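# Observations on the model geometry
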Amino acid sequence: MRYLPLTPADRTRMLGVIGVDSIDDLFADVPAAARLSGPVDLPYHAGELEVERELAGLAALNRPAGAGPFFCGAGAYKHHVPATVDHIIQRSEFLTSYTPYQPEIAQGTLQVLFEFQTQVAALTGMDVANASMYDGSTACAEAVMMAQRVTRRNKSVLSGGVHPHYAAVTQTIAHAEGMDIVRLPVAVDAEADVLAAIDADTACVVVQTPNVFGTVTDVTKIAEAAHAAGALLIVVTTEVVSLGLLKSPGEMGADITVAEGQSIGVGLNFGGPYVGLFAVREKFVRQMPGRLCGETLDAEGRRGFVLTLSTREQHIRREKATSNICTNSGLCALAFSIHMSLLGERGLRDLALLNHSRARQLRAALADVPGFEILTPRFFNEFAIRLPQDAGAPVEALLADGIVAGVPFARLDPGAGLENVLLVTATETTSEADIAAFAEALKGRVSA
Amino acid sequence: MSLNNVGRPTRPTPAASTAHTSLTGARGLLQDEALIFEMGGWDKTGVDLAPADLDASDLGDLVRTAPIGLPGLSEPETVRHYVRLSQKNHAIDLALYPLGSCTMKHNPRLNEKLARLPGFADLHPMSPVSTVQGALALMDRLAHWLKTMTAMPAVALSPKAGAHGELCGLLTIKAAHEAKGQSHRRIVLVPTSAHGTNPATAAFVGYDVAEIAQTEDGRVDLADLEAKLSTDVAAIMVTNPNTCGLFERDIIEIARLTHAVGAYFYCDGANFNAIVGRVRPGDLGVDAMHINLHKTFSTPHGGGGPGAGPVVLSEALAPFAPAPWVVSDSKGFRLVEDTVDEASAGFGRMVAFHGQMGMFVRAYAYMLSHGADGLRQVAEDAVLNANYVKARLSGAMSAAFPDGPCMHEALFDDHWLEGSGITTLDFAKAMIDEGFHPMTMYFPLVVHGAMLIEPTETESLQELDRFCDALLALAAARAGDVERFTGAPYLAPLKRLDETLAARKPKLRWLAEA
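Residues numbered from 1 in each chain as written. Chains lettered and ligands numbered in written order. Predicted model: local features only at pLDDT ≥ 70, side-chain atom pairs only at ≥ 80, totals over all residues.

Glancing now at the overall build of chain A. Tallying secondary structure elements over chain A gives 14 helices and 13 strands in all. The C-alpha atoms of chain A give a radius of gyration of 25 Å, which matches the 22 Å a tight globule of 448 residues would have. When its C-alpha atoms are laid out on the principal axes, chain A stretches across 80 × 55 × 50 Å. Considering only contacts within chain A whose residues lie at least 6 apart along the sequence, 73% involve residues at least 24 apart. (Helix = DSSP H or I, 4+ residues; strand = E, 2+ residues; numbered from the N terminus. Rg over C-alpha atoms; globule rule 2.2 N^0.38 Å. Contact = placed C-beta atoms within 7 Å.)

Now the structure itself:
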């Protein structure tokens, strides 16, 4: 077996050094009733060639986003990732290292995390960011838990524009915590509806911009109202490229910003791994979940970086920790940071504008389709359309034309009564030819 | 608990350096690398994008006008920056990485290649189900392997890490109790030797944590367990093999006692590598167990993640698993994404989308490569290697549990350092100068000055001997050469870092000089 270096002779010699007769002696503590006498009922080992053949066969059954015109978004976005990113994250020293608990021999990872935290803080307009969460949805749930700790209040209000998966994850965790979640009715342009639900028991309000329908909202007034009531404002963003064009959550008064960082550097990966961004105002740092990297000096006075404020974390505080998170998305944070370094402010702004421009072209093309109603009033690179029929049918039909038309909203939230709503996205990877082909195919397949 | 208790240095004593120093701050080829924010690239970019045809005038004052503060680098500068940084890291590809409880084993490059096939890497999670049949088939096969290796009837694939799997397991248990009208059960029992994530997870979902004592020989104290079990207990969380690297001999009895009071048995599967292919948790009476794909099934640790923590479930808990899951019929595979829709008792949702597909691909490739025979050999070699290290080092260092075999980890305490003026931390830092990553220190908390060594099965006998020779040489040097330890490391990119300073005046981002 190619991954196992010991030879039979090695094993015999080692058993001798240990002073036992057989490997079974080393498993003597296992109750006899639970000892397997031989391998379980699964295939035996296989060579690289055979394994590659099987997995390549499975991969070939899938239709990658890049295989043709593609318009899905809804929390995961198709973007071009520079080749440099994947090259660097495959370096042994990044790929095969552990969490940087020994800072003397982990300065590579630690400096990257410090740079990542700074990039995320700048991007979101917040003071401090952590070293990553699993993804945007779990970051959202953690933010709500954190707001409860900060305010010692029990109720959280989620706007109807929050991604239904994010809302579901948050509700799942909150239910276990005994926390009260008020999720407002799903609506395309109603982030401000949270205003009416804020009261003296409210720990936080959670709004999303651009929201799941793509609607962009200035949440400044929501922040003011929340703060006036002693509640925190949590702003969610699933498409971080938008922050190259739109006012940041920090500028609008957010207390906690959570985002899905997948668009920068990570790729689609059928939903994971992704990278959750989590950023807060300075005064809340000690209530944050997750790892934090900080600057310090070594014994010779040289600048270095360490994981810090770990008294918040599970390995020190156990049941009193701010979260149970341990493993995070380190390598995805590295990918994010490399891609962001390549973009720089200028590249990010250009990329964001290009996304917006492509989406407006898409809107113009689809607005001409008979029976289509564009629902999203202000958008970045994604918007919702009401079709004259169930949105699932044309998506299936257009597959025959080689086009993946978008995400039917009902797939995200079957109970919302929005069966006719389709979410469509355009990014820098969407060509004018893709848009033309999409509009043309729709005209042929949708009956007004 | 002070930081020192878990092996975090607080403030190092300033060292007078007698070594040769450069004029630039470099150490030979090891560059003193600036932060990206110090390189002046405020108007630089390393990407060439097509021009946008339209502006953003339609968005009015929603547009960001103030500077963001993101520097850019050209491609050559980017490559050089990150390659220079990479050289300051230790990695499993460089040497044995003996972190107990972490299973730092070789990461096959085939798995990296396969995870990058466009059919997996460039697949959108909401792409129509007919366009993702291969991905769903892979999830289904991975689930089959996990269930078969563990003799458990169900698995929830979506948790994104071990601690997230614990969360999933406890939420499943909570839902099961609620369904039976047993919501009054408020207590989760956790051994004193448990990973910190266990009590943190139990508290996170609103349970009260009570500790179970440990016996002299490093196992769960059955009498104490029995005394604390009651109809107020929701679950016990036991790691097996435990964090002392020992198999819980009474595990079947532990399960029986737990079930007798109507509680569930959550097993922390972090140490599954020791028993994969030789013992199936389902045969031990386990109700739920997470499997760290980034440990046992070798997806890379990546400097702290990402991982994946699927949770296998017993018959009793299976109906309460979270969405989504994969089902198949004559039309192929599909995803059940909404528990309400399927009239299931599922407790909800752990994540957006379907879990860590990138890890699923790697883990499945790893399983196919090893097969049922190879995975059994994995456990045997992992245990053999740990016992070999224990045997070779026991003459010089004090094993915490000298009697009987260990499983995949060899645990030492610091009795052998008494009177030497050297702590576990010092010894571990001196290992760095000899070319090895320190072992896990000061964990488990139940062993004084703990040193937990997990070599894994992917180390050759030559590398094990090199490692043991280094530790034995260090052990021999402890008398009369204290500074070798107390000032260590001397040969790393940096000397010991001031963690007190970092925590007292947190500097968590780069800021322009005022």
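Glancing now at the overall build of chain B. A tally of regular secondary structure across chain B gives 13 helices and twelve strands. Against the compact-globule benchmark of 24 Å for 514 residues, chain B has a radius of gyration of 25 Å, which places it among compact chains. With the C-alpha coordinates of chain B rotated into their principal frame, the extents come out at 75 × 70 × 45 Å. The long-range fraction of contacts in chain B, counting pairs at least 24 apart against all pairs at least 6 apart in sequence, stands at 73%.

Let us look at the interface of chain A and chain B. On the side of chain B, 182 residues touch chain A, which itself brings 171 residues to the contact. Broken down by element, the residue count for the side of chain A that touches chain B peaks at 22 residues, all from helix H11 (residues 330–367) of chain A. Its residues assigned to classes, the side of chain A that touches chain B shows 86 nonpolar, 51 polar and 34 charged. (Nonpolar A, V, L, I, M, F, W, Y, C, P; charged D, E, K, R; others polar.)

With that settled, consider the sheet that holds strand S4 (residues 233–239) of chain B. Residues and elements named next belong to chain B. Strand order in the open sheet formed by seven strands is S1-S7-S6-S5-S4-S2-S3, with mixed pairing between adjacent strands. Two strands in the sheet have a free side with no partner beyond their single neighbour: strand S1 (154–156) and strand S3 (208–212). This sheet shows a mean twist of 25 degrees between the axes of neighbouring strands, independent of strand direction. In the sheet, strand S5 (residues 264–268) pairs with strand S6 (residues 288–290) via two bridges, with the strands oriented parallel. Note that in S6 the partner of Cys267 across the bridge is Met289. The sheet contacts of helix H5 (residues 162–179) involve S1, S4, S5, S6 and strand S7 (311–313), and relative to S6 the element is tilted by about 165 degrees. Its contacts with the sheet place helix H6 (residues 197–204) against strand S2 (187–191), S3, S4 and S5, and it is angled at close to 175 degrees to S2. (Pairing = 2+ DSSP bridges. Axes fitted to C-alpha atoms, helices over the stretch in contact; angles between N-to-C directions.)

Residues separated by three or four positions in an α-helix point in the same direction, a consequence of the helix having 3.6 residues per turn. Residue and element names in this part refer to chain A. Buried within helix H12 (residues 392–399) are the following residues: Pro394, Val395 and Leu398. For H12, the buried positions fall inside an angular range of 105 degrees around the axis, keeping them on one side. Of the surrounding secondary structure, the elements contacted by the buried residues of H12 are strand S12 (407–408) and helix H14 (432–445). (Buried ≥ 20, exposed ≤ 12 C-beta atoms within 10 Å, placed from the backbone. Arc of directions from axis to C-beta.)

Residue and element names in this part refer to chain B. Structurally, chain B comprises domain 1 (110–366) and domain 2 (372–492). Domain 1 and domain 2 are separated by 30 Å when their C-alpha centres are compared. Across the boundary between the two partners, domain 1 contributes 19 residues, which contact 21 residues of domain 2. (Domains from an automatic or database assignment.)

So, about the packing of helix H3 (residues 48–60) of chain A against helix H9 (residues 357–393) of chain B. In contact at an axis separation of 9 Å, H3 of chain A and H9 of chain B are set at 140 degrees when each is read in the N-to-C sense. When the axis of H3 of chain A is compared with that of H9 of chain B, the two are oblique. Two packed elements cross with a definite hand, and for H3 of chain A against H9 of chain B that hand is right-handed. Taken together, the residues of H9 of chain B that come into contact with H3 of chain A (itself represented by Val51, Glu54 and Leu55 of chain A) are Val361, Ala365, Leu368 and Ser369 of chain B. Along the lines of polarity and charge, the residues of the contact of H3 of chain A with H9 of chain B split into five nonpolar, one polar and one charged. (Parallel < 35°, antiparallel > 145°, perpendicular 65-115°, else oblique. Left-handed = near helix turned anticlockwise from the far one by under 90°.)

A separate point is the domain arrangement of chain A. All names here are of chain A. Here the domain parsing of chain A yields domain 1 (71–80 + 345–445) and domain 2 (83–339). Averaged C-alpha coordinates put domain 1 and domain 2 at centres separated by 27 Å. The partner domain 2 presents 24 residues to the 28 residues of domain 1 that form the contact. Only H11 and strand S11 (382–386) provide two or more residues apiece to the side of domain 1 that touches domain 2. Residue composition of the side of domain 1 that touches domain 2, grouped by class: 17 nonpolar, six polar and five charged.

Residues and elements named next belong to chain A. If you trace the four strands from one edge of the open sheet to the other, you get S10-S11-S13-S12, paired in antiparallel fashion. Single-partner strands in this sheet number two, and they are strand S10 (373–374) and S12. Relative to S11, S10 runs antiparallel, the two sharing two bridges. Each residue of the ladder has a partner; that of Glu373, found in S11, is Arg386. Strands S10, S11 and strand S13 (421–425) of the sheet are contacted by H11, whose axis makes an angle of about 10 degrees with S11.

What follows is about the nonpolar core. Val205, Val206 and Ile234 of chain A are the most contacted members of the largest nonpolar core, which totals 323 residues. If you tally residues by element for this core, the top one is H9 of chain B, at 22 residues. (Core = buried A, V, L, I, M, F, W, Y, C linked by C-beta atoms within 7 Å.)

Both trends apply: most residues other than glycine have a negative phi, and most peptide bonds are in trans. Here the bond from Gly272 of chain A into Pro273 of chain A is cis, since omega is 5 degrees, no more than 30 degrees from zero. Counting through the fold element by element, Pro273 of chain A comes out in the loop between strand S6 (256–260) and strand S7 (276–280). Following Gly305 of chain B, the chain continues into Pro306 of chain B via a peptide bond in cis, with omega recorded as 0 degrees. Mapped onto the elements, Pro306 of chain B comes out in the loop between S6 and S7. In the Ramachandran plot, Leu309 of chain A falls in the positive-phi region, its phi being about 55 degrees despite a non-glycine side chain. Considering the arrangement of structural elements, one finds Leu309 of chain A in the loop between strand S9 (303–308) and helix H10 (314–317).

Another aspect to go through is helix H9 (residues 220–228) of chain A. Residues and elements named next belong to chain A. What H9 keeps buried is the set Ile222, Ala223, Ala225 and Ala226. Buried residues of H9, seen end-on, are gathered within an arc of 165 degrees and therefore sit on one face of the element. Those residues of H9 that are buried are in contact with strand S4 (202–208) and strand S5 (232–237). Phi for Gly230, located one or two positions after H9, is positive at around 80 degrees.

This part takes up the pairing of S13 of chain A. All names here are of chain A. For S13, a buried count of five out of five residues is recorded, marking the element as mostly surrounded by other parts of the structure. Of the two faces of S13, the one holding Val421, Leu423 and Thr425 and the one holding Leu422 and Val424 are both buried throughout. Bridge count for S11 against S13 is five bridges, and the pairing is antiparallel. Residue pairing in the sheet places Ala384 in a bridge with Leu423 of S13. Two strands pair when backbone bridges link them, and S12 and S13 are joined in this way by two bridges, in the antiparallel orientation. Residue Val407 lies in a different strand from S13, and its bridge partner there is Leu423.

Let us now look at the environment of Leu4 of chain A. With respect to the helices and strands, Leu4 of chain A occurs in the segment before helix H1 (8–18). When near neighbours in sequence (up to four residues on either side) are disregarded, Leu4 of chain A contacts Gln377, Asp381 and Glu457 of chain B.

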